[in-house]
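# Descriptive structure summary
This is what each chain is made of:
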Amino acid sequence: MKNISKYFILSVVALFVSCKQETDTPKVSYDPNVKVKQIAKSDTSSVKVADLPINFTGTNVLIHPIGDLNIYSRNKNVAYDSSSSLGDSQQSFAVSNNNEFEITGYLQNIKFQEIGNDSIKALTNKQILIESATYLKNTADKIKKQFLVYTLADSDTNKDGKIDGNDIKSLYISAINGDNFTKLSPDFQELIDWNCMESMSRLYFRTIEDINKNGAFDKADKVHYHYLDLLSKEWKEQQYFPVN
């Protein structure tokens, strides 16, 4: 009984240490001695699927969210097949959520299809992880231009061999059909938040720079303030300085 108790305690301690290490994982690694791991390929137990297409009101584009779905059968002796019922798996087949003007999830890509055209094209051929894609509906109504704004991870900044939520989050923009997919936030700066100011046709956002190079983003680091003029032909962010 004492041995069982000892092993149980050690297991709990190990689990606690493991969770703490995962929580404390830095978003960026500057250690020159740490070799960049090759980005891992998709898990062989995952299934790449697309959700049913989404059409934002007033647009002429169908949006197909693409993600990896991990399906685990409740009966470990039975392999998954497409004819099995939803009740046999531990999660649904959805890879995204959406409301009236936003898609959220952990998406490997988004594909676009103009209504009336069977051709489907991908947003990018690079490995990324999209957390949200937002249609700027009020801006479209005002200036008659349709944009999507994305928050995503585009690089393995912590050098752990995968692109996930532990890497730096960046801000991107594109036309409603995925054209001109453009990064707005500077490299190695973590996106804090963003907001569209329709009255000025500007997209405002904040980022934080890890100036002490400790791999974390905290109050010791520097906050930067940016905006994008949505009326400009060239999508280039501008800095502004509300705090001296």
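Read on for an overview of the structure. Computed from a prediction, not measured in an experiment: that's the story for all the values here.

### Let's talk about the layout of surface pockets
- By volume, the second largest pocket amounts to about 170 Å³.
- Taken together, Thr124, Asn125, Lys126, Gln127, Ile128, Asp154, Tyr172, Phe181 and Lys183 form the lining of the second largest pocket.
- Taken together, the residues of the lining of the second largest pocket sort by class into 3 nonpolar, 3 polar and 3 charged.

### Notes on the pattern of salt bridges
- Summed over all chains, the structure comprises 9 salt bridges.
- Glu190 serves as the salt-bridge partner of Lys27, at 2.8 Å between the closest nitrogen and oxygen. Taken as a pair, Lys27 in the loop between α1 (2-23) and β1 (46-50) and Glu190 in strand β11 (residues 189-197) lie far apart in primary sequence, 163 residues in all.
- Close ionic contact of Arg206 with Asp193 constitutes a salt bridge, the shortest N to O distance being 2.6 Å.

### Quick notes on the environment of Gln146
- As for its position among the elements, Gln146 is in the loop between α2 (137-143) and β8 (147-153).
- Since its relative accessible area comes to 26%, Gln146 is described here as partly exposed.
- The residues touching Gln146, leaving out its near neighbours within four places in the chain, are Gly58, Thr59, Tyr135, Ala140, Ser174, Ala175 and Ile176.
- Reaching out from Gln146, the side chain makes a polar contact with the backbone oxygen of Gly58 at a distance of 3.0 Å.
- A polar side-chain atom of Gln146 sits 3.4 Å from a polar atom in the side chain of Tyr135.

### Observations concerning the sheet that holds strand β14 (residues 238-240)
- Spatially, β11-β12-β13-β14 is the arrangement adopted by the 4 strands of the open sheet, whose pairing is antiparallel. Looking at the sheet topology across the chains shown, the edges are occupied by β11 and β14. Along the sheet, successive strands turn relative to each other by an average axial angle of 30°, direction set aside.
- The sheet contact formed by strand β13 (residues 222-229) and β14 spans 3 bridges and is antiparallel. Residue pairing for β14: Tyr227 is matched across the bridge by Gln238.

### Brief notes about unusual backbone geometry
- Residue Ser201 is not a glycine yet carries a positive backbone phi of 55°.
- Note that Ser201 resides in the loop between β11 and β12 (202-209).
- We classify Ser201 as buried; its relative accessible area is 2%.
- Of note in this structure, Lys213 is not a glycine but carries a positive phi near 55°.

### Topic: the sheet that holds strand β9 (residues 170-175)
- The strand order β3-β4-β7-β8-β9-β10 describes an open sheet built from 6 strands, whose pairing is antiparallel. Strand pairing shows two members of the sheet lacking a second neighbour, β3 (96-98) and β10 (182-183), which therefore form its edges.
- Where strand β4 (residues 102-107) and strand β7 (residues 129-135) come together, 4 bridges link them in antiparallel fashion. The residue of β7 that forms the bridge with Glu102 is Thr134.

Calculation rules
Residues numbered from 1 in each chain as written. Predicted model: local features only at pLDDT ≥ 70, side-chain atom pairs only at ≥ 80, totals over all residues. Heavy atoms only, no water. 1 Å grid on protein atoms, 1.4 Å probe; cavity = no way out; pocket = protein on both sides within 12 Å on 5 of 7 lines; lining within 4 Å. Points joined across faces, edges and corners; volume = space filled by probe spheres on them. Nonpolar A, V, L, I, M, F, W, Y, C, P; charged D, E, K, R; others polar. Salt bridge = Lys/Arg side-chain N within 4 Å of Asp/Glu carboxyl O. Helix = DSSP H or I, 4+ residues; strand = E, 2+ residues; numbered from the N terminus. Buried < 20%, exposed > 50% of the residue type's maximum accessible area, 1.4 Å probe, protein only. Contact = heavy atoms within 4.5 Å. Polar contact = N/O pair within 3.5 Å; in protein donor to acceptor, adjacent residues only side chain to side chain. Pairing = 2+ DSSP bridges. Axes fitted to C-alpha atoms, helices over the stretch in contact; angles between N-to-C directions.

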